[in-house]
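Understanding the architecture of this molecule
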Amino acid sequence: MKTRRPDRTTNLFGALTLVAGDEIRRATETAAKHTDAAPAALIALYEFLGGRSIDDLRNAVGLTPSGAVRLVDRLVGEGYVERRPGADRRAVALVLTATGRRAARKVLEARADTIDHVLSPLSRADRAALTRILEQLLAATTHERLADRALGPAPIGGYTCRMCDFAVCGRDRGLCPVAGAASSTSATE
C-alpha cells in the first residue's frame, strides 16, 4: 500500500501550525506560570466560563473529569480561582480571583504577542488575505466539529475558542467565524 503524501501547501501549513502551537504554548505557559491546560482554563474562565461548573471547564479545555478537578485544585491553591456555590447544592461555580484575572490577561497578551511575531513578515495585504482564509477554514472546521458531536460524544480537545480574545475576534459584533458557523448550523438543524 502506497502512503499518501501531502501536497506542498498541506505540508507547509502543518509545519507552521506546529511551530506556532509550540511558541504559543511556551509563551502562555510561561505567562500563566503553569503548564498543560492551565492557560486555556484561565482564558476560558476569563472570557466565557466565569461562574460555571468544573464540568463546563473540562469540556472547554478538553480534560477528563479527574484531570479537571486536579487542574482546578492547582488553580485554587495558587489563588487564581475560587469555588463558590453553584446553581444547586451539588454544583460548584468557578470564579477567577483578581490574581486569576491578571494572570488571564497576561496569558492573552503572551498569546497575542507570539502570534504577532509569527505573522510579522506579512504585509497588510497578506494579513488581510490570511484573515479571509482563516475565517473560511474556521467556519468549515466548526461545521465539521458540530456534525461530529451530533453523531456521538464530543472529541477530546476542547473548544476552538478556548484561548481566544473575544474582544479582538469581534464575537459581540457578529464577526467571529466560529460563533457564526455554530449559529448557522444550529439554525439549520
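Residues numbered from 1 in each chain as written. Predicted model: local features only at pLDDT ≥ 70, side-chain atom pairs only at ≥ 80, totals over all residues. Heavy atoms only, no water.

Counting secondary structure elements, the protein chain contains eight helices and two strands. From first element to last, N terminus to C terminus, the protein chain shows the α and β order α-α-α-α-β-β-α-α-α-α. Here the C-alpha atoms of the protein chain give a radius of gyration of 18 Å, agreeing with the 16 Å that 2.2 N^0.38 yields for 189 residues. Overall, the C-alpha framework of the protein chain stretches about 55 × 45 × 40 Å when taken along its three principal axes. Look at the contacts in the protein chain between residues 6 or more apart in sequence, and 59% of them connect residues 24 or more apart. As displayed, the protein chain offers around 12100 Å² of accessible surface, 56% of which is attributable to carbon and sulfur atoms. Charge centroids of the protein chain, computed over 28 positive and 22 negative side chains, lie 1 Å from each other. (Helix = DSSP H or I, 4+ residues; strand = E, 2+ residues; numbered from the N terminus. Rg over C-alpha atoms; globule rule 2.2 N^0.38 Å. Contact = heavy atoms within 4.5 Å. Areas by Shrake-Rupley, 256 points an atom, 1.4 Å probe, with all protein chains shown as cover. Lys, Arg positive; Asp, Glu negative; His and termini not counted. Charge placed at Lys NZ, Arg CZ, Asp CG, Glu CD.)

Along the chain, Asp-172 falls in the loop between helix 7 (166-169) and helix 8 (177-188). For Asp-172 and Asp-36, which are 136 residues apart along the polypeptide, the C-alpha to C-alpha distance reads 29 Å.

Moving on to the packing of helix 2 (residues 38-49) against helix 4 (residues 65-77). Viewed as axis vectors pointing N to C, helix 2 and helix 4 meet at an angle of 75°, and their least axial separation amounts to 11 Å. Of the possible angle classes, the one that applies to helix 2 and helix 4 is roughly perpendicular. For the pair helix 2 and helix 4, contact is made by Ala-38, Ala-41 and Leu-42 and by Leu-71, Arg-74 and Leu-75, respectively. Within the contact of helix 2 with helix 4, the residues separate by chemical class into five nonpolar, no polar and one charged. (Axes fitted to C-alpha atoms, helices over the stretch in contact; angles between N-to-C directions. Parallel < 35°, antiparallel > 145°, perpendicular 65-115°, else oblique. Nonpolar A, V, L, I, M, F, W, Y, C, P; charged D, E, K, R; others polar.)

In this section: the pattern of salt bridges. As enumerated under the stated definition, the model contains ten salt bridges in all. With a closest N to O distance of 3.0 Å, Asp-56 and Arg-52 form a salt bridge. With a relative accessible area of 22%, Asp-56 lands in the partly exposed category. By relative accessible area, which is 39% here, Arg-52 ends up partly exposed. (Salt bridge = Lys/Arg side-chain N within 4 Å of Asp/Glu carboxyl O. Buried < 20%, exposed > 50% of the residue type's maximum accessible area, 1.4 Å probe, protein only.)

This part covers the packing of aromatic side chains. This structure, assessed with the given rule, holds two aromatic pairs. Pairing Phe-48 with Tyr-159 gives two aromatic rings, centres 6.3 Å apart and planes at 25°, and the pair type is stacked. Of the two residues, Phe-48 is situated in helix 2 and Tyr-159 in the loop between helix 6 (124-151) and helix 7; the sequence distance between them amounts to 111 residues. Residue classification places Phe-48 among the partly exposed residues on the basis of a relative accessible area of 23%. The partly exposed category is assigned to Tyr-159, whose relative accessible area is 32%. Aromatic pair Phe-48 and Phe-166: ring centres 5.4 Å apart, planes at 5°, arrangement stacked. Here Phe-166 lies in helix 7 and Phe-48 lies in helix 2, a separation of 118 residues in the sequence. (Phe/Tyr/Trp six-rings, centres within 6.5 Å; stacked < 30°, edge-to-face > 60°.)

Turning our attention to the pairing of strand 2 (residues 92-96). Burial runs high along strand 2: four of the five residues are buried. Two strands pair when backbone bridges link them, and strand 1 (residues 81-85) and strand 2 are joined in this way by five bridges, in the antiparallel orientation. Bridge assignment links Pro-85 to a residue of strand 2, and that residue is Val-92. Hairpin connection, strand 1 to strand 2: the antiparallel pair is bridged by six residues. (Pairing = 2+ DSSP bridges.)

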